[in-house]
Amino acid sequence: MMTGKTHVVVLGGGYAGVMAANRLAGSGRVPAVEVTLVDPGPQFTERIRLHEVAAGARESAGVEWAEVLHPRVQRVQARAVAIDDDHRMVALTGHEPVHFDRLIYAVGSSARPTSLLSVADPAAARTARDTIAGLPAGATVTIAGAGPTGVELACAVAVSRPDLAVAVVAPSGLAHPLTAHQAVARRLQRLGIAVGNGRVDPATGAATVDGSTRPVGQATVWTVGFAALPLATDSGLPVTGDGRLMVDATLTVPGHERILGAGDAVAVQGRAGRHLRASCASALPMGAHAADTVLARLSAPAPDTIDIGYLLQCLDLGAGRGHVQAVHPDDTARPWALAGRAGGWAKEQVCRMTLTWLAREARRPGSFTWPSGPAVSVD
Ligand SMILES: Cc1cc2nc3c(=O)[nH]c(=O)nc-3n(C[C@H](O)[C@H](O)[C@H](O)COP(=O)(O)OP(=O)(O)OC[C@H]3O[C@@H](n4cnc5c(N)ncnc54)[C@H](O)[C@@H]3O)c2cc1C
């Protein structure tokens, strides 16, 4: 424990956690804020590139911590297993517990429970890559889910292994607002990717497509939604029905003023959070805002509530092609989009910008800004 200083522990070094840690570490506040980032990974993971790893198109989605993290952030390579707010302690795997004055919960999300392959984290993506790489020519890769992750993975596999058959299966085919565009369907068609209306059993991989049962494929990858990690529930903190940590519009856990949350791991209660989707585009500004709330409370003024809007939704369609849809602050589509190579170029710039924003916040804390959300009054 440190004295005369405020010790902020950030759990999870993803987009939200690193942004929060960088902003706090460089805040220049006196007495100082000390920041510890707890994450099990040897490197920062560019999670938005894990489908490329699974397809064998990219060796790794890892980035050296030094490239994205403020040098004053103390990093502990461990996994948090329990949070005790009464004693302000976090229990870790393979490391002594850490004491906190403030805690930011930013552990992200995982795949929904399944025995199938997945791309939700680096280890799962590597397993998927090894399985797909070992398939003989003509084998089928079935992808459960036709949302952005399923479509990005299907395109990446079809590009890197054109000798395989790739099938995407979802109850209503390409029905997700981002994948339902004709340009996306045309791209899938050109890559020879079959899209079926049906369901995949997450336990066995058996698929029912267009009313008929298919034999279990040689490789089936589950991309249907994300699930909350159990840490908040196991620690007795307030969670939503799906296990996400409940936070108010300042990103503070109700009844636990010392604990805040950001990113995929939390559900923002009330209107300010209603339009937010699990994404980098939410995690980055939420991480910055969680840090701002901590700093505001330390200096006495009441913290602001979040006000996060969206600009774009992006889809990587393989081999430098993509689809970038302009959206209103509430995430509903505007009437223009970039497709094909222009879309692929724009999508790549957005991926690169996520790292640039983190690195810039490490060099110039407080520099990261984000567009405002839809005009709503916060309840
Ligand atoms: C293949 C794929 C493609 C995607 N593409 C896009 C895209 O194009 N655009 C987009 O906006 N979003 C995309 N997403 C979603 C996006 O990656 C997430 O919404 C985003 O990573 C959430 O950021 P986060 O900081 O909340 O969590 P994460 O980035 O997941 O980071 C959480 C961190 O916490 C660590 N952690 C987990 N448990 C613990 C613990 N108990 N203790 C300590 N640390 C822990 C994890 O190891 C991880 O490093 C994609 C996701 C996937 C899987």
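Residues numbered from 1 in each chain as written. Predicted model: local features only at pLDDT ≥ 70, side-chain atom pairs only at ≥ 80, totals over all residues. Heavy atoms only, no water.

A. The arrangement of a nonpolar patch on the surface in detail. A grouping of L311, L312, W336 and L338 is seen on the molecular surface, where their side chains present a nonpolar patch of about 370 Å² in accessible area. By the element assignment, L312 lies in strand β23 (residues 312–316). Residue L312 is classed as partly exposed on the basis of its relative accessible area, which comes to 32%. (Patch = residues over 30% accessible without salt bridge, like charges linked within 9 Å, V, L, I, M, F, W, Y side chains within 5 Å. Areas by Shrake-Rupley, 256 points an atom, 1.4 Å probe, with all protein chains shown as cover. Salt bridge = Lys/Arg side-chain N within 4 Å of Asp/Glu carboxyl O. Helix = DSSP H or I, 4+ residues; strand = E, 2+ residues; numbered from the N terminus. Buried < 20%, exposed > 50% of the residue type's maximum accessible area, 1.4 Å probe, protein only.)

B. Just helix α8 (residues 280–298), in detail. Helix length check: α8 (19 residues) gives 27 Å between terminal C-alpha atoms against 27 Å at 1.5 Å per residue, within 8%. In terms of residue burial, α8 counts as a mostly covered element, since 17 of its 19 residues are buried. A300, located one to two residues past α8, shows a positive phi value of around 90°. (Expected span 1.5 Å × (residues − 1).)

C. Broad picture of the pattern of salt bridges. A full pass over the atoms with the stated rule returns 17 salt bridges. Salt-bridge contacts for R23 lead to E361; the nearest nitrogen and oxygen are separated by 2.8 Å. Here R23, found in helix α1 (residues 15–25), pairs with E361, found in helix α9 (residues 340–363); they are 338 residues apart in sequence, far enough to count as distant. Judged by relative accessible area, which is 8%, R23 ranks as buried. As a salt-bridge pair, E257 and R297 come within 3.9 Å of each other at their nearest N and O atoms. You can see E257 sitting in strand β21 (residues 256–261) and its partner R297 sitting in helix α8, a full 40 residues away along the chain. Residue R297 is classed as partly exposed on the basis of its relative accessible area, which comes to 21%.

D. The site of the ligand, seen in detail. Around the ligand, 30 residues are found, and the nearest of them are A16, D39, D264, C280 and K347. For the ligand, an oxygen atom lies 2.9 Å from a polar atom in the backbone of A16. Contacts to the ligand include D264, whose side-chain N or O atom sits 2.8 Å from an oxygen atom. Contact with the protein chains covers 89% of the free accessible surface of the ligand, which is 990 Å². Of all the secondary structure elements, the ones that give two or more residues to the shell around the ligand are α1, β2 (33–39), α5 (148–160) and α8. For the shell around the ligand, the element with the highest residue contribution is α8, accounting for three residues. Looking at the shell around the ligand, its residues break down into 16 nonpolar, eight polar and six charged. (Near = heavy atom within 4 Å. Polar contact = N/O pair within 3.5 Å; in protein donor to acceptor, adjacent residues only side chain to side chain. Nonpolar A, V, L, I, M, F, W, Y, C, P; charged D, E, K, R; others polar.)

E. Up close: the pairing of strand β9 (residues 102–105). By the alternation rule, side chains of β9 split into R102 and I104 and L103 and Y105, which are all buried. Sheet topology note: the strand β1 (residues 6–11)/β9 ladder contains four bridges and is parallel. Across the sheet, the residue bridging to V8 is R102, located in β9. In the sheet, β9 pairs with β21 via three bridges, with the strands oriented parallel. Bridge pairing in β21 places L103 opposite I259. (Pairing = 2+ DSSP bridges.)

Taken by themselves, the reported measurements are silent on function.
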